[in-house]
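So the chains spell out like this:
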Amino acid sequence: MAVVGAGYVGLVTGASLARVGHRVTCVDKDGERVAGLRDGRMPVYEPGLEELVARGTGAGRLSFTEDLDAAVGRADVVFIAVDTPQGDDDAADLSNVSAVARGIGRALTGSARRERPLVVANKSTVPVGSGDYVSTVIRDGAEEAGGLDSPEKVRFGVASNPEFLREGSAVYDSLFPDRIVVGAEEAWVVEVMRGLYGPVIEQSFPVEMDPRPRVTVPFVVTDLASAEMIKYAANAFLATKVSFINEISDLCELTGADVGSVATGIGLDGRIGPRFLNAGIGWGGSCLPKDVSALRAIAREHHHDTKLLDATVAVNDRRRGLVVSKLRRDLGTLGGKRVALLGLAFKPNTDDLREAPSLGIAAELLSLGAGVVGYDPVAVKTAARQVPGLRVVFDPYEALTGAHAAVVVTDWEEVRNLDLRRAASLMQEPKLLVDGRNAFDPAAARGAGLLYRGFGRG
Ligand code: NAD
């Protein structure tokens, strides 16, 4: 296998495929990243990843290179797992995918390529219809390299293989996924993918885990466009579910109901399910915002209104402002006040700060004249670079010392396990705790001497 793009998705995929027995070359254009990986340094923080990579390289099944040609030359399947950020027009920017596809086309014509068809499986999240686009660009690359003169060498099939891993538990999700989706137009491509994922589908690789999470992983086969749509639809649904509970949370606040109890009460309904019903600051991160935007952009291209998705975004946009209003309500003016942000990464167990609520909240508080100190177990350095004026510390109690208010932005274990009495003893009046994740028991927080404000908690 070759996996192009050694980020959250590509590196985890590559290391997981090596774990289940394949020989994998991870390719990245970032030479520093490749050199670091060869020395065992992880470019991203993800629990269990370092061990998984060490295991793969130790077994001689996982290697790293900048050389796409050589990796494609040896591979039966090439995964594209490069970033597809939000472009200026909200649509997904496909320039990285396009560069890789062109490179694959060129490599397919090279002498290293055995005369055996190649499967190009796209894991990057791309607009519906991109599978055809990838095929076209591969052909363009091959043509540029003169490959179409020997067409028997330029034999390939394209699959869409969207990724559903969650940052923070990416290794687990990759080895024990809820499902694997493969979209393709040709049966042989599906069979290659089914074979490749066989050990994951059957959970037949040796694993030090008891009990095993499940016996067989569903393998969902679709056409290319449906597989691409499944990824967007899944993320749009999750974003909508969070916005829904946040809207209910606002109504709870107005009516005296408790959103935690409401979430438990509705989540036990099998049709609704308990997950993604946590009210608070709202959704962010590297996927939901850009994927919802991209889906709306696709709809606009088709002159279609997405009323539900528009509302999902509008509800979410208001959440961060609510944090500031809650601070203002109890602190009055924010000028000269000191606020501690507890957690900066967009969610626990990752160092990813893309579209993290902490960044916008910090910038807004600084613009209102507050002094802001941010704590995070792993993401502090990047956060300090991204928000000028934000002071960062590695110890939550240092962040709380002298603070008038603290905001729970990311509910890391380290934040959930804070000693609230100690926190209150270090803070200045009014010792306000705005709990953006409803992580603490309000009574316990008040008992510790804090002025507690959650979201939708009566
Ligand atoms: P990332 O930014 O962590 O990693 C992307 C990597 O690709 C980088 O190392 C970059 O150097 C490399 N790259 C870019 N262009 C390249 C090129 N031309 N040649 C070689 N390497 C190149 O991105 P990510 O978070 O892993 O996301 C990758 C894709 O997967 C995106 O489309 C994303 O939407 C999707 N996705 C991400 C997640 C997630 O939780 N991060 C989950 C599901 C799907």
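Above this text sits the structure in question.
Remember, it's a predicted structure, so these values are computed and weren't measured experimentally.

Undergrad: Please explain the state of the cysteines as it appears in this structure.
TA: In a disulfide, the sulfur atoms of two cysteines are covalently bonded to one another. Per the stated rule, a full pass over the model turns up 0 disulfides. You can see C287 has no disulfide; the closest cysteine sulfur is in C26, sitting 18 Å from it. The exposure class of C287 is partly exposed, given its relative accessible area of 30%.

Undergrad: Would you explain the environment of F79 in this entry?
TA: As for its placement among the helices and strands, F79 is situated in strand β4 (residues 77–80). Along the chain, F79 and S124 lie 45 residues apart, while their C-alpha atoms are 8.8 Å from each other.

Undergrad: Where do I start with helix α13 (residues 307–331) in this structure?
TA: Here α13 contains 25 residues, and its C-alpha end-to-end distance of 37 Å stays within 8% of the 36 Å for a straight helix at 1.5 Å per residue. Where α13 bends most, at R320, the angle is about 30°. L309, T312, V313, V315, N316, R319, V323, V324, K326, L327 and L331 are the residues of α13 that are buried. Positive backbone phi, approximately 70°, marks G332, located one or two places after α13.

Undergrad: Sorry, what's going on with the packing of α13 against helix α14 (residues 357–367) here?
TA: Between two packed helices, both the angle of their axes relative to each other and the distance between the axes serve to describe the pair. At a closest axis distance of 10 Å, the pairing of α13 and α14 adopts a crossing angle of 45°. Accordingly, the angle class assigned to the pair α13 and α14 is oblique. The handedness of the crossing between α13 and α14 is right-handed. Contacts between α13 and α14 involve R320, V323, V324 and L327 from the first element and P357, I361, E364 and L365 from the second.

Undergrad: It is not clear to me how the packing of aromatic side chains should be interpreted in this structure. Could you clarify?
TA: Within a pair of aromatic rings, the relevant descriptors are the distance that separates the centres and the angle that separates the planes. Tallied over the full model, the rule gives 2 aromatic pairs. When the ring of Y172 is compared with that of F176, the centres are 5.0 Å apart and the planes differ by 45°; the resulting orientation is tilted. When its relative accessible area of 37% is taken as the criterion, Y172 is described as partly exposed. Residue F176 is classed as buried on the basis of its relative accessible area of 6%. Linked through ring pairs, Y172, F176 and F205 together constitute an aromatic cluster. The ring of F455 carries K326 above its face, with NZ or CZ at 4.7 Å from the centroid.

Undergrad: How should I be thinking about the pattern of salt bridges in this particular structure?
TA: Pairing of side chains with opposite charge becomes possible as their charged atoms draw close. Applying the stated rule across the entire model yields 19 salt bridges. The shortest N-O distance in the salt bridge between E163 and K123 comes to 2.9 Å. Here E163 is found in the loop between β6 (156–160) and α7 (170–175), whereas its partner K123 is found in the loop between β5 (118–122) and α6 (130–144), with 40 residues between them in sequence. K123 shares its class with E163; the two are buried. Between R354 and D352 there is a salt bridge, and its shortest N-O distance comes to 3.0 Å. For D352, a relative accessible area of 3% gives the class buried. Salt bridges here are not isolated pairs; linked through shared partners, they connect R102, R106 and E144.

Undergrad: Mind showing me how you'd approach the sheet that holds strand β3 (residues 62–65) here?
TA: Sheet strands associate in pairs through backbone hydrogen bonding, adopting either a parallel or an antiparallel arrangement. Spatially, β3-β2-β1-β4-β5-β6-β7-β8 is the arrangement adopted by the 8 strands of the open sheet, whose pairing is mixed. Each edge of the sheet is formed by a strand with only one pairing partner; in this case those strands are β3 and β8 (219–222). Geometrically, the sheet is characterised by an average inter-axis angle of 25° between neighbouring strands, direction not taken into account. Bridge count for strand β7 (residues 180–184) against β8 is 4 bridges, and the pairing is parallel. Residue G183 lies in a different strand from β8, and its bridge partner there is T222. Sheet strands touched by helix α1 (residues 8–19): β1 (2–4), β2 (24–27), β3 and β4. Its angle to β2, the strand with the most contacts, is close to 170°. Here helix α10 (residues 224–255) sits on the sheet in contact with β6, β7 and β8, set at roughly 145° to β7.

What counts, and where the lines are drawn
- Residues numbered from 1 in each chain as written.
- Predicted model: local features only at pLDDT ≥ 70, side-chain atom pairs only at ≥ 80, totals over all residues.
- Heavy atoms only, no water.
- Disulfide = S-S within 2.5 Å.
- Buried < 20%, exposed > 50% of the residue type's maximum accessible area, 1.4 Å probe, protein only.
- Helix = DSSP H or I, 4+ residues; strand = E, 2+ residues; numbered from the N terminus.
- Expected span 1.5 Å × (residues − 1).
- Bend = angle between axes of the 7 residues up to and from the residue.
- Axes fitted to C-alpha atoms, helices over the stretch in contact; angles between N-to-C directions.
- Parallel < 35°, antiparallel > 145°, perpendicular 65-115°, else oblique.
- Left-handed = near helix turned anticlockwise from the far one by under 90°.
- Contact = heavy atoms within 4.5 Å.
- Phe/Tyr/Trp six-rings, centres within 6.5 Å; stacked < 30°, edge-to-face > 60°.
- Lys NZ or Arg CZ within 6 Å of the ring centre and 35° of its normal.
- Salt bridge = Lys/Arg side-chain N within 4 Å of Asp/Glu carboxyl O.
- Pairing = 2+ DSSP bridges.

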